[in-house]
Amino acid sequence: MKTLRNIFGRKTVSLSIFDIDDTLFRTTASVYVMKNGTRIHKLSPAQFNFYDPKPGETYDFSEFRSSAHFLKTSKPIKNVFSIAKKLVRRYAGSGSQVIALTARSDMDDRDMFLSAFRKVGFPVDSIHIERAGNLPVPAPQGKAIIVRKYLKSGRFNHAQMFDDHGPNLVSFLELQREFPSINFEA
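Residues numbered from 1 in each chain as written. Predicted model: local features only at pLDDT ≥ 70, side-chain atom pairs only at ≥ 80, totals over all residues. Heavy atoms only, no water.

A. Geometry of the sheet that holds strand E8 (residues 128–131). On the basis of which strands lie adjacent, the open sheet formed by 5 strands has the order E8-E7-E1-E9-E10 and parallel pairing. Edge positions in the sheet fall to E8 and strand E10 (183–185), since each of these pairs with one other strand and no more. Going across the sheet, the axis of each strand differs from the next one's by a mean of 20°, ignoring polarity. Both strand E9 (residues 158–162) and E10 contribute to a ladder of 3 bridges, which runs parallel. Its bridge partner lying in E10, glutamine 160 is registered against glutamate 185. Contacts from helix H7 (residues 166–174) reach strand E1 (14–18), E9 and E10 within the one sheet, and its direction differs from that of E9 by about 170°. (Pairing = 2+ DSSP bridges. Helix = DSSP H or I, 4+ residues; strand = E, 2+ residues; numbered from the N terminus. Axes fitted to C-alpha atoms, helices over the stretch in contact; angles between N-to-C directions. Contact = heavy atoms within 4.5 Å.)

Set out below in structure tokens:
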């Protein structure tokens, strides 16, 4: 297998990060805006990314925690899905790594959630799924915290992120100030 070399002749050791919702998979889970215990709005993931809650509004993420809903409704986005699968195969044993990084918190059934990946031929057992939704900060900051943990290991000289949400990519690229010796791609 050919190894990638950076401009200094060193072997490229990459961290490749893939968002799940609307990047690896087209998903149908909705976020419900709640007020006084009643659902008042239904938001797609894209709408949620830009929704500004009004005073007294809270969110219901139950569909995002439902492994059954994910298994039943999620469909791979073929071009990104294909890239991710190829990188998992290419990186095996090389020191490079692929992770999935989602804004979701823990799912209600881990095994069922993972079976959705297996069902469509994704080698999910060869990657780690990180969940920024478990952190008490907005998704872009949570994703940056998780990526920082990987980059602090000193293992990587290249990092690339695939994500459909611009603010997540901006937070990722801002890490380059902290890690100037790493080549970043978003």
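B. Highlighting the nonpolar core. With 23 residues, the main nonpolar core has Phe117 and Ile129 as its most contacted residues. Broken down by secondary-structure element, the contributors of at least two residues to this core are helix H4 (78–91), strand E7 (97–102) and helix H5 (110–119). Ranked by the residues each element gives to this core, the list is headed by H4, at 6 residues. Contacts of isoleucine 129, omitting those with residues within four sequence positions, involve Ile20, Ala100, Thr102, Phe113, Leu114, Phe117 and Val124. With 20 residues, the next largest nonpolar core counts Leu101, Ala132, Ala159 and Ile182 among its residues. (Core = buried A, V, L, I, M, F, W, Y, C linked by side-chain atoms within 4.5 Å. Buried < 20%, exposed > 50% of the residue type's maximum accessible area, 1.4 Å probe, protein only.)

C. Spotlight on the environment of lysine 85. Relative to the elements of secondary structure, lysine 85 occurs in helix H4. Expressed as a C-alpha distance, the spacing of lysine 85 and leucine 43, which sit 42 residues apart in the sequence, is 30 Å. For lysine 85, the contacting residues outside a window of four places in its chain are Val120, Gly121, Phe122 and Pro123.

D. Seen up close, the sheet that holds strand E4 (residues 38–43). What the 3 strands build is an open sheet, ordered E4-E3-E5; its pairing is antiparallel. At either end of the open sheet lies a strand with only one pairing partner, and these are E4 and strand E5 (57–60). Neighbour-to-neighbour, the strand axes of this sheet turn through a mean angle of 35°, independent of strand direction. Examined bridge by bridge, strand E3 (residues 31–35) and E5 share 4 bridges and lie antiparallel to one another. Paired with methionine 34 across the two strands is threonine 58, which belongs to E5.

E. Molecular detail of the pattern of salt bridges. A full pass over the atoms with the stated rule returns 10 salt bridges. Across the pair arginine 39 and aspartate 60 runs a salt bridge whose closest N-O atoms are separated by 3.1 Å. Here the residue arginine 39 occupies a position in strand E4, and aspartate 60 occupies one in strand E5, the gap between them amounting to 21 residues. On the basis of relative accessibility, which here comes to 46%, the residue arginine 39 falls in the partly exposed class. A salt bridge links arginine 131 to aspartate 106; the shortest N-O distance between them is 2.5 Å. A residue pair is termed long-range when its members are at least 10 positions apart, and arginine 131 in strand E8 and aspartate 106 in the loop between E7 and H5 qualify at 25 residues. Look at aspartate 106 and you get partly exposed, because its relative accessible area is 39%. Members of the salt-bridge network, linked through shared partners, are Asp19, Lys143 and Asp163. (Salt bridge = Lys/Arg side-chain N within 4 Å of Asp/Glu carboxyl O.)

F. Focus on the packing of aromatic side chains. One pass over the structure, following the stated rule, counts 14 aromatic pairs. Considering the side-chain rings of phenylalanine 25 and phenylalanine 81, the 5.6 Å spacing of their centres and the 75° angle between planes classify their relative orientation as edge-to-face. On the criterion of sequence distance, the pair formed by phenylalanine 25 in strand E2 (residues 25–26) and phenylalanine 81 in helix H4 is long-range, its members being 56 residues apart. Just as phenylalanine 25 is buried, phenylalanine 81 falls in that class too. Consider the rings of phenylalanine 48 and phenylalanine 61, whose centres lie 5.5 Å apart with planes at 90°: the pair is edge-to-face. Residue phenylalanine 48 is located in helix H1 (residues 45–50), and its partner phenylalanine 61 is located in the loop between E5 and helix H2 (62–65); the two are separated by 13 residues in the primary sequence. On the accessibility criterion, phenylalanine 61 (26% relative accessible area) is partly exposed. An aromatic cluster is defined as three or more aromatic residues linked by ring pairs; in this entry it consists of Phe25, Phe70, Phe81, Phe113, Phe117 and Phe122. If you follow arginine 39 out to its NZ or CZ, it ends over the ring of tyrosine 32, 3.7 Å from the centre. (Phe/Tyr/Trp six-rings, centres within 6.5 Å; stacked < 30°, edge-to-face > 60°. Lys NZ or Arg CZ within 6 Å of the ring centre and 35° of its normal.)

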